[in-house]
Amino acid sequence: MKDDGYSKNTWLIHGPSMTSQWDFSHHVVPPLSSSTAYRLESVKRGARGFSQFAESTLESREAPVYIYDRLDEPTRSLLESNLALLEGGEFCLTFASGMAAISAALGSVLSPGDEVLGHTMLYGCTHSLFSNWYPRQGYGVKRVNFNDLKALKSVITEKTRVLYFETPTNPTLELIDIKAVRGLADEFNKDRFFERKLLIIVDNTFATPFCQRPIELGADMVVESLTKNLGGFGTELGGAVIFPKSLRKDILLYRKDFGGILSSKSAWAIMVYGLPTLPLRMKRQQYTAQRVAAFLEGLDEVVEIRYPGLKNFPDRKLAESQMRDFDGDFAPGSMIYFLLDKTKVDPIGFADSIAKNAYSVTLAVSLGHVKTLLELPGFMTHSAYGDAYPDESKYGIRLSIGLESPKDIIKDLKNAIHQSRMATSHIVKGK
Ligand SMILES: *Cc1c(COP(=O)(O)O)cnc(C)c1O
């Protein structure tokens, strides 16, 4: 059996036909291993396992020496080789959550005194990591609009080590041009030693590797939550870092010592249920998102709507070049962001009405789920921003499209808008 020459859509279902990590050729589905420690037939083998840990590159076909789950584990490492291939990177390591992956990716490359430049809008807990913890750990953080390359260029100093952003951003769906940031980083890197080169880290959670592969567009590392569309069913928490060989040893040792590993049981579920169904789920979600976005766009009560699949999406050109699925088709994703006209509809009342009365839309955080989820980031996922959260986004609504019928989602949204109309709205309209 040879796995080369097949599309990623097919590869996701069958995985690698041969792997040095584990021989499971008698299973149609890879077995789930669940053993914290591994029997060692000699002290010599145990010693070799420890001394080789983080040194071997897995290029050899030789089976790795498994010792202890926190160091390395076969079910998890199979998922990791699948994710590395999906993202087009050299290596992948998985973690207990998206935040564990993000803090490990950054923690393994930063030293006190180094500086991270982060885009102004980031996921709430990433914002909190940068603003509450990094100052205490001696890492500098500056926030800048990555869509203003001049501004970005002007804040890069000798101390800058990482350029960090999401595209699309959570929750406002701004896009950032990965190739343009790569070009800028290359200008600075010409004069820097390897250890001081600017590293571009992209959080690919919103798009997933189905819609966008940042490493192919110039990122050095990808971080992402497996809790969202990669896991897909809302049952497992997890995170991943995809990175080049040169960073492997540090990230592997960091994970061993900080200990935020992904459990083999979660890795198995993500690998067996999540990855093979990713293209199918994403395509269906996109189909529905396009219809729901078009419905919202046509409403008087909606003052702003952002979905990369809409012709009027502000970054539409960039979306078309940057967001492509495995077949090269435009892949605008499953996330929608919109603002209601507060003179007509009460956004809090709208979300409460969804919570009380809707059947196909659920008021809940998280995203990339078989169920359609709706939340107000300014009050929930991004509340760590406090007063720093932009006023114009305070009442923004984030909608993660699931697998329900588009008609039903639209019906529930329509009803909630109807029920949360301001008492005066008909007067305003009638005059
Ligand atoms: C959810 C999310 C994370 C964090 O992932 P967890 O698995 O919840 O730790 C990071 N970045 C983005 C963009 C997210 O949406």
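Here's what I pulled together on the structure shown here. (Residues numbered from 1 in each chain as written. Predicted model: local features only at pLDDT ≥ 70, side-chain atom pairs only at ≥ 80, totals over all residues. Heavy atoms only, no water.)

1. Considering the pattern of salt bridges
In step 1: Applying the stated rule across the entire model yields 17 salt bridges.
In step 2: In this structure, Arg 213 and Glu 216 form a salt bridge, with 3.4 Å as the shortest nitrogen-oxygen distance.
In step 3: Judged by its relative accessible area of 10%, Arg 213 is buried.
In step 4: Note that Asp 341 and Lys 344 form a salt bridge whose closest N and O atoms lie 3.5 Å from each other.
In step 5: By relative accessible area, Asp 341 is classed as buried at 14%.
In step 6: Sharing partners across several salt bridges, the network here consists of Arg 182, Asp 186 and Asp 220. (Salt bridge = Lys/Arg side-chain N within 4 Å of Asp/Glu carboxyl O. Buried < 20%, exposed > 50% of the residue type's maximum accessible area, 1.4 Å probe, protein only.)

2. What to know about unusual backbone geometry
In step 1: Cis geometry marks the peptide bond from Thr 167 to Pro 168, where omega comes out at -5°.
In step 2: As for its position among the elements, Pro 168 is in the loop between strand 4 (160-166) and helix 7 (178-189).
In step 3: For the bond running from Asn 170 to Pro 171, omega is 5°, close enough to zero to count as cis.
In step 4: With respect to the element layout, Pro 171 can be found in the loop between strand 4 and helix 7.
In step 5: With a phi close to 55°, Leu 173 is a non-glycine residue in the positive phi region.
In step 6: Counting through the fold element by element, Leu 173 comes out in the loop between strand 4 and helix 7. (Helix = DSSP H or I, 4+ residues; strand = E, 2+ residues; numbered from the N terminus.)

3. Structural notes on the packing of aromatic side chains
Here the distance between the centres and the angle between the planes together describe a pair of aromatic rings.
In step 1: The tally for this structure, following the rule as stated, stands at 12 aromatic pairs.
In step 2: Centre to centre, the rings of Trp 268 and Tyr 273 are 5.7 Å apart; their planes meet at 85°, and the pair counts as edge-to-face.
In step 3: Judged by its relative accessible area of 45%, Tyr 273 falls in the partly exposed class.
In step 4: Taken together, the aromatic side chains of Phe 130, Tyr 134, Tyr 139 and Tyr 164 make up a single cluster linked through ring pairs.
In step 5: We note Arg 248 situated over the ring of Phe 91; from NZ or CZ to the ring centre the distance is 5.0 Å. (Phe/Tyr/Trp six-rings, centres within 6.5 Å; stacked < 30°, edge-to-face > 60°. Lys NZ or Arg CZ within 6 Å of the ring centre and 35° of its normal.)

4. Brief notes about the sheet that holds strand 11 (residues 372-375)
In step 1: Spatially, 8-9-12-11-10 is the arrangement adopted by the 5 strands of the open sheet, whose pairing is mixed. Each edge of the open sheet carries a strand with a single partner, namely strand 8 (302-306) and strand 10 (361-363). The sheet shows a mean angle of 25° between the axes of neighbouring strands, taken without regard to direction.
In step 2: Running over the sheet, helix 11 (residues 264-297) touches strand 8, strand 9 (335-340) and strand 12 (397-400) and is turned about 10° from strand 9.
In step 3: Helix-sheet contacts for helix 13 (residues 347-357) involve strand 9, strand 10, strand 11 and strand 12, and the interaxial angle to strand 10 is about 115°. (Pairing = 2+ DSSP bridges. Axes fitted to C-alpha atoms, helices over the stretch in contact; angles between N-to-C directions. Contact = heavy atoms within 4.5 Å.)

5. Observations concerning the site of the ligand
In step 1: Near the ligand lie 14 residues; those nearest to it are Gly 98, Asp 203, Ser 225, Thr 227 and Lys 228.
In step 2: Here an oxygen atom of the ligand sits 3.1 Å away from a polar atom, N or O, in the side chain of Asn 170.
In step 3: Contact between the ligand and Asp 203: a nitrogen atom at 2.6 Å from a side-chain N or O atom of the residue.
In step 4: Burial of the ligand by the surrounding chains reaches 92%, relative to a free accessible area of 380 Å².
In step 5: Take the shell around the ligand: its biggest share by element is 3 residues, from helix 4 (residues 98-107).
In step 6: Class assignment of the residues belonging to the shell around the ligand gives a composition of 4 nonpolar, 7 polar and 3 charged. (Near = heavy atom within 4 Å. Polar contact = N/O pair within 3.5 Å; in protein donor to acceptor, adjacent residues only side chain to side chain. Areas by Shrake-Rupley, 256 points an atom, 1.4 Å probe, with all protein chains shown as cover. Nonpolar A, V, L, I, M, F, W, Y, C, P; charged D, E, K, R; others polar.)

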